[in-house]
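Observations on the model geometry
Next come the chains, spelled out residue by residue.
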Amino acid sequence: MSDPITLHSEADARHQQVISDDQAQFFRDNGYCVMRNVIQGEELQLLQEQTMQLVVSGISRGGDEDYLYRQKQNGERVFWRVEYVLAKLEITRALMGHPFILRSVEKLQGRNFVPTWDSMVVKVPDQGAVVPWHRDAAHPVGCEEPRPIFNVDFYLDEADLKSCLWVIPGSNRWEAEKAKERCSRPGFDREDAVPVPMKPGDVIFHDIELLHGSPEGDGNSLRRTIYFEYRPGEIEAQFGPHTLEYLTLKQHLLLDCIETRKRGAYTEGEKPYEYRPTGAFSIAEVKKPASYRYAHEYFWRNEVD
């Protein structure tokens, strides 16, 4: 196999307040965009230190129902993922308030965006299970709204060719049947894919319809990635899958995360993001979240909605 080709559009959060127009267009065309140096210094160190307690719980099988596992090709069961990280560590709430990220989300989705999923995926040293080619989800059926739904992937550790994400640029615009056929190929076929190596503190935006995955990582070092998904509020309000109540609750949660970030010593001098939703999504009175864990299954819409 020849050396992999790289095809990236890279922003640098040290020198930008938001992704550029060209970087935003690259994301729309290709389904992903790389942002370097988003988390730095004390914030990165604290995230690395504090998320280790989640890793230790997962490896020891001592976690609660939010800890998920998967099987390697040899049948070994390995720790893989922990859900609802916002409820588990305050520093992840400060991370959700990151102004560079939220300005960039707004640029792609508009001012009425809403956070949905929050989780952390782990590749345990020498135990990285393969993540087959897949799409995270499908754009809602019948929705012709062009604004993307996507995940923001925060890397807390280096991801080299043994553990990094591989993507198929432009596959976010493929029809479902073409994507299904590509995912059905045996093994982790990388012929038309590119790797996305990352350094600690880097971030990827990836569209929920982008085909992506990663090979089994024997010999890999620890890799932790925090994921926040965002959706345009107008799309979620019309098509779901969550109820309107959920959207309001998550808007207040986002506002709380922005306020949490303001209190962090490592954010001194940082210009906070201003969440200013409009129209039906405007907020007349800010309310303290009753929880940081709004379990999805309690907010799915009924089929008759």
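Quick summary incoming for the structure in this document. (Residues numbered from 1 in each chain as written. Predicted model: local features only at pLDDT ≥ 70, side-chain atom pairs only at ≥ 80, totals over all residues. Heavy atoms only, no water.)

By way of backbone hydrogen bonds, the strands of a sheet pair with one another, either parallel or antiparallel. As summarised here, the arrangement of the four strands in space is 6-11-8-9, forming an open sheet in which the pairing is antiparallel. With one partner strand each, in any of the chains shown, strand 6 (131-134) and strand 9 (194-196) form the two edges of the open sheet. Averaged over neighbouring strand pairs, the angle between their axes works out to 30 degrees when direction is ignored. (Pairing = 2+ DSSP bridges. Helix = DSSP H or I, 4+ residues; strand = E, 2+ residues; numbered from the N terminus. Axes fitted to C-alpha atoms, helices over the stretch in contact; angles between N-to-C directions.)

Bringing the packing of aromatic side chains into the picture now. Enumeration over the complete set of coordinates arrives at 14 aromatic pairs. On the numbers, 4.9 Å between centres and 20 degrees between planes, the contact of Phe-150 with Phe-205 is stacked. Here the residue Phe-150 occupies a position in strand 7 (residues 150-155), and Phe-205 occupies one in strand 10 (residues 203-207), the gap between them amounting to 55 residues. Its relative accessible area of 0% is what places Phe-150 among the buried residues. Among the residues examined, Phe-205 registers a relative accessible area of 0% and is labelled buried. We note Arg-77 situated over the ring of Tyr-69; from NZ or CZ to the ring centre the distance is 4.1 Å. The residue whose ring lies beneath Lys-178 is Trp-174, and the NZ or CZ to ring-centre distance is 4.3 Å. (Phe/Tyr/Trp six-rings, centres within 6.5 Å; stacked < 30°, edge-to-face > 60°. Buried < 20%, exposed > 50% of the residue type's maximum accessible area, 1.4 Å probe, protein only. Lys NZ or Arg CZ within 6 Å of the ring centre and 35° of its normal.)

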